[in-house]
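# Residue-level structural notes
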Amino acid sequence: MNTLLALYEQGGDLVYSGESVTQLMHAWQCGRLAEKSGASAALQLASWLHDVGHLWANLEGTPTLRGQDDVHECIGAQVLLPVFGPAVSEPVRLHVQAKRYLVGSREIYASKLSPDSVRSLKLQGGPMGPQECAAFEAEPFFADAVKLRVWDDLGKKSTWFEDTRHDALDHLMQLMRRVARANVIQI
């Protein structure tokens, strides 16, 4: 958990290319949207940490501009699973597939994507077809992944960051501890 927190302390000020938010602002906004929606603590944490794979991979610049998919969702899920369990790691792993699903199943959804999300969609396999959509709907964490994806798209507002940086990171650490404790109890 300290390593995850350090990633946001050190890389939280990185700005998403083509976006008006930093990594920390985006994580905070997604977590807050989940919280305000009444999501479980695990889904709130998944929303906070869904892009941690970008920070973990630590690739220079914006990989999509070089035609590179950094598979941040897989990296993030692998990092999160042993600490927080599948209720956190699976929505993270599936949030890119959820974008592909929403573009493939909802005509207007693609028009709402940011420029970087449009670039990455092409690298991530493009919109899902009907058979892929049906298979995705059968995933155990399908609904959580779709919710997370919607919050991901909404959590890109440059003017929305109500906490100080310290308070945001403190909130993240408290949430990580709460979810980790619950995961240990369930094992």
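Once a new chain begins, its residue numbering starts again from 1 and follows that chain's sequence as written. Where local features are concerned, this predicted model is filtered to residues with pLDDT of at least 70; where side-chain atom pairs are given and counted, the filter is 80 or more; whole-chain, interface and lining totals use all residues. Hydrogens and water are ignored here; the side-chain numbers use all heavy atoms of the structure.

### Examining the nonpolar core
Joining through side-chain atoms within 4.5 Å is the link that ties buried Ala, Val, Leu, Ile, Met, Phe, Trp, Tyr and Cys residues into a set, and such a set is a nonpolar core. Exposed residues in this analysis have more than 50% of their type's maximum accessible area, buried residues have under 20%, and partly exposed residues fall in between, with area computed by a 1.4 Å probe over protein chains only. In terms of nonpolar packing, the biggest core is built from 34 residues, with Leu 4, Tyr 8, Leu 45, Trp 48, Leu 49, Phe 84 and Met 176 touching the most fellow members. Put simply, the parts of the chain that give this core at least two residues each are α1 (2-11), α2 (23-36), α3 (41-49), α4 (52-57), α5 (72-84), α6 (86-105), α9 (142-154) and α10 (165-186). Residues within four places of Phe 84 in sequence aside, it is in contact with Met 1, Leu 4, Leu 45, Leu 49, Met 176, Val 179, Ala 180 and Asn 183. In this structure, Ala 98, Tyr 109, Leu 121 and Ala 145 belong to the second largest nonpolar core, which totals 14 residues. Every helix listed is a DSSP run of H or I at least four residues long, and every strand listed is a run of E at least two residues long, numbered separately from the N terminus. Contact definition: two residues touch when any of their heavy atoms are within 4.5 Å.

### Observations concerning α3
Extensive coverage of α3 is indicated by the burial of eight of its nine residues. Taken together, the buried positions of α3 are Ala 42, Leu 43, Gln 44, Leu 45, Ala 46, Ser 47, Trp 48 and Leu 49.

### Let's talk about the packing of aromatic side chains
Pairing of aromatic rings covers Phe, Tyr and Trp, the last through its six-membered ring, and needs centres within 6.5 Å; plane angles under 30 degrees mean stacked, over 60 mean edge-to-face, and all others mean tilted. Across all of its chains, the model carries five aromatic pairs by this definition. Ring centres of Trp 28 and Phe 161 lie 5.1 Å apart, and the angle between their planes is 65°; on these two criteria the pair is classed as edge-to-face. Of the two residues, Trp 28 sits in helix α2 while Phe 161 sits in the loop between α9 and α10, which places them 133 residues apart along the sequence. For Trp 28, a relative accessible area of 0% gives the class buried.

### A look at α6
In an α-helix there are 3.6 residues to a turn, and that puts residues three or four apart on one side. The bend reported for a residue corresponds to the angle between axes fitted to the seven residues ending at that residue and the seven starting there. Bending of α6 peaks at approximately 45° at the position of His 95. For α6, a buried count of 14 out of 20 residues is recorded, marking the element as mostly surrounded by other parts of the structure.

### Quick look at the environment of Leu 14
Inspection of the secondary structure assignment puts Leu 14 in the loop between α1 and α2. Judged by its relative accessible area of 48%, Leu 14 is partly exposed. Leu 14 sits 14 residues away from Trp 28 along the chain, and the two C-alpha atoms are 14 Å apart. Beyond its immediate sequence surroundings of up to four residues, Leu 14 is in contact with Val 21, Thr 22, Gln 23 and Leu 55.

### Quick notes on the packing of α6 against helix α7 (residues 115-123)
Close contact between α6 and α7 brings their axes to 11 Å; oriented N to C, the two are set at 95°. The angle between α6 and α7 falls in the class roughly perpendicular. In this structure, α6 uses Lys 99, Arg 100 and Val 103 to contact α7, whose residues at the interface are Ser 117, Ser 120 and Leu 121. Under the grouping applied here, Gly and all other residues not named as nonpolar or charged are polar, the nonpolar ones being Ala, Val, Leu, Ile, Met, Phe, Trp, Tyr, Cys and Pro and the charged ones Asp, Glu, Lys and Arg. Class assignment of the residues belonging to the contact of α6 with α7 gives a composition of two nonpolar, two polar and two charged. Orientation is described by lines fitted to C-alpha atoms, with helices fitted over the stretch in contact, and by angles between N-to-C directions that extend from 0 to 180 degrees. Orientation labels follow simple angle bins: below 35 degrees gives roughly parallel, above 145 gives roughly antiparallel, 65 to 115 gives roughly perpendicular, and whatever is left gives oblique.

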